[in-house]
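# Fold and contact review
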Amino acid sequence: QVFKDATTFFSRATPNLATIIPAIDHIDEILTSHESDKSLNGSVRAALSLGKKTLDQYYSLTDSSEVYQITMVLHLCHKLSYFQTAGWTADWIQTAEKLVHDEFDRHYARIVVDAGPEIETVEASITTKVCGMPCSIIFTTN
């Protein structure tokens, strides 16, 4: 059922890393919880085990991609709390945060932006639900 649900979910919209990774985590939880369920036939448990092994093989590839960690850290719904909830160690979480800082320093920190004519500072704030969670967003221009 979890594979059918995932297929239906991703068929409705364009998937991105911020939705794929939590979906993989969910599928992994389901497979793990049923893999040792003695009420299931042995061949079903073996199939679950092979499915989990295949999923783990693909999931492990995300460890070699900085894009994965950066995407999750920058996503409005996830930030560093995603990694805490997923049970990552403090060292791994610090590494993910450092990746974002390093990427910014390498590619964006030295970009000069022409601010144009000087205008007064304007600040606006909205509170909304993002990903089902309350979220305050503050916009500032000057």
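What counts as what
- Residues numbered from 1 in each chain as written.
- Predicted model: local features only at pLDDT ≥ 70, side-chain atom pairs only at ≥ 80, totals over all residues.
- Heavy atoms only, no water.
- Helix = DSSP H or I, 4+ residues; strand = E, 2+ residues; numbered from the N terminus.
- Buried < 20%, exposed > 50% of the residue type's maximum accessible area, 1.4 Å probe, protein only.
- Contact = heavy atoms within 4.5 Å.
- Phe/Tyr/Trp six-rings, centres within 6.5 Å; stacked < 30°, edge-to-face > 60°.

Glancing now at the overall build of the protein chain. Helix and strand content of the protein chain: six helices and two strands. Taken from the N to the C terminus, the helices and strands of the protein chain come in the order α-α-α-α-α-α-β-β. A buried classification covers 21% of the 142 residues belonging to the protein chain. Excluding contacts between residues fewer than 6 apart, the proportion of contacts in the protein chain whose partners are at least 24 apart in sequence is 39%.

What follows is about the packing of aromatic side chains. This structure, assessed with the given rule, holds six aromatic pairs. Ring geometry for Y68 versus W88: centroids 6.1 Å apart, planes at 45°, classification tilted. Taken as a pair, Y68 in helix α4 (residues 66-74) and W88 in the loop between α5 (81-85) and α6 (90-107) lie far apart in primary sequence, 20 residues in all. Both residues of the pair, Y68 and W88, count as buried. Here the aromatic rings of F104 and Y108 are separated by 6.4 Å at their centres, their planes lie at 25°, and the arrangement is stacked. Taking the relative accessible area as the measure of exposure, Y108 reaches 48% and is therefore partly exposed. By way of ring pairs, the aromatic residues Y68, Y82, F83, W88 and W92 are connected into one cluster.

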